[in-house]
Amino acid sequence: MDIMLKKINSINNLYETFISINRGDDKKWSKKFFFSLIKQKSTICIFTKPKPKGYLIARVLQDEIEIITLLIGVSYRRDGLAKKLIEDLKKIAFKKKIVKIILEVSITNKAAIYLYKKTGFVEIAVRKN
């Protein structure tokens, strides 16, 4: 029982940290959705340290990792934090012997595209619309 309570408190703390990071708009996942995602064994959740200024959430899908979201708080962008989160994810992938990390990004998100290309990602397809 104590272990479960600690786990719930830990997830609550993660959610509070998640919602505290300023996106620049008001879109945030609901607590229920966040909990369901974080509780999955395949989910990887990385926050910047020592102060949570951003996060990367990904999941392991068989032999690859999919980045679900990567966000750096508005006032901390362009400080190399996103690059550090991607490097941390690459280390996790290496330890898990996973050689492929995938993601989707809007073609209008030029800053993200630049970041991903700079960190070694290559475009493999463009979805229509």
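Just so it is clear, the model here is predicted, and its values are computed rather than measured.

### Quick word on the overall build of the chain
- Helix and strand counts for the chain stand at 4 helices and 4 strands.
- Secondary structure elements in the chain, listed N-terminal to C-terminal, are α-α-β-β-β-α-β-α.
- Scaling as 2.2 N^0.38, a compact globule of 129 residues should have a C-alpha radius of gyration of about 14 Å, and the chain matches this with 15 Å.
- With the C-alpha coordinates of the chain rotated into their principal frame, the extents come out at 45 × 35 × 30 Å.
- Expressed as a percentage of its 129 residues, the buried residues of the chain come to 32%.

### Some points on the confidence of the model for the chain
- In the predicted model, the chain carries a mean pLDDT of 84, and 91% of its residues have values of at least 70.
- For residues 1-8, every residue scores under 50 in pLDDT, and the model assigns this stretch 0 contacts once sequence neighbours within four places are set aside.

### Description of the nonpolar core
- Residues Leu56, Ile65, Leu70, Ile86, Leu89, Ile101 and Tyr116 are the most contacted members of the largest nonpolar core, which totals 20 residues.
- When contributions to this core are tallied by element, the ones reaching two or more residues are β1 (43-47), β2 (54-61), β3 (64-72), α3 (81-95) and α4 (110-118).
- Sorting elements by how many residues they give to this core places α3 first, with 6 residues.
- Each residue touching Ile101, except ones within four places of it in the same chain, is listed here: Ile65, Ile67, Leu89, Lys90, Ala93 and Phe121.
- Among the nonpolar cores identified, the runner-up in size contains 12 residues, and Ile21, Phe35, Phe47 and Tyr55 belong to it.

### A short note on the pattern of salt bridges
- Counted under the stated rule, the structure contains 4 salt bridges.
- With its nearest N and O atoms 2.9 Å apart, the salt bridge here joins Glu66 to Arg59.
- Taking the relative accessible area as the measure of exposure, Glu66 reaches 19% and is therefore buried.
- The class for Arg59 is partly exposed, based on a relative accessible area of 29%.
- As a salt-bridge pair, Lys100 and Glu64 come within 3.8 Å of each other at their nearest N and O atoms. Placement of Lys100 in strand β4 (residues 100-102) and of Glu64 in strand β3 is noted, with a sequence separation of 36 residues between them.

### Quick notes on helix α2 (residues 31-38)
- Taken together, the buried positions of α2 are occupied by Phe34, Phe35, Leu37 and Ile38. Down the axis of α2, the smallest arc covering the buried residues is 165°, so these residues share one side.

Scoring rules and cut-offs
- Residues numbered from 1 in each chain as written.
- Predicted model: local features only at pLDDT ≥ 70, side-chain atom pairs only at ≥ 80, totals over all residues.
- Heavy atoms only, no water.
- Helix = DSSP H or I, 4+ residues; strand = E, 2+ residues; numbered from the N terminus.
- Rg over C-alpha atoms; globule rule 2.2 N^0.38 Å.
- Buried < 20%, exposed > 50% of the residue type's maximum accessible area, 1.4 Å probe, protein only.
- pLDDT = per-residue confidence, 0-100.
- Contact = heavy atoms within 4.5 Å.
- Core = buried A, V, L, I, M, F, W, Y, C linked by side-chain atoms within 4.5 Å.
- Salt bridge = Lys/Arg side-chain N within 4 Å of Asp/Glu carboxyl O.
- Arc of directions from axis to C-beta.

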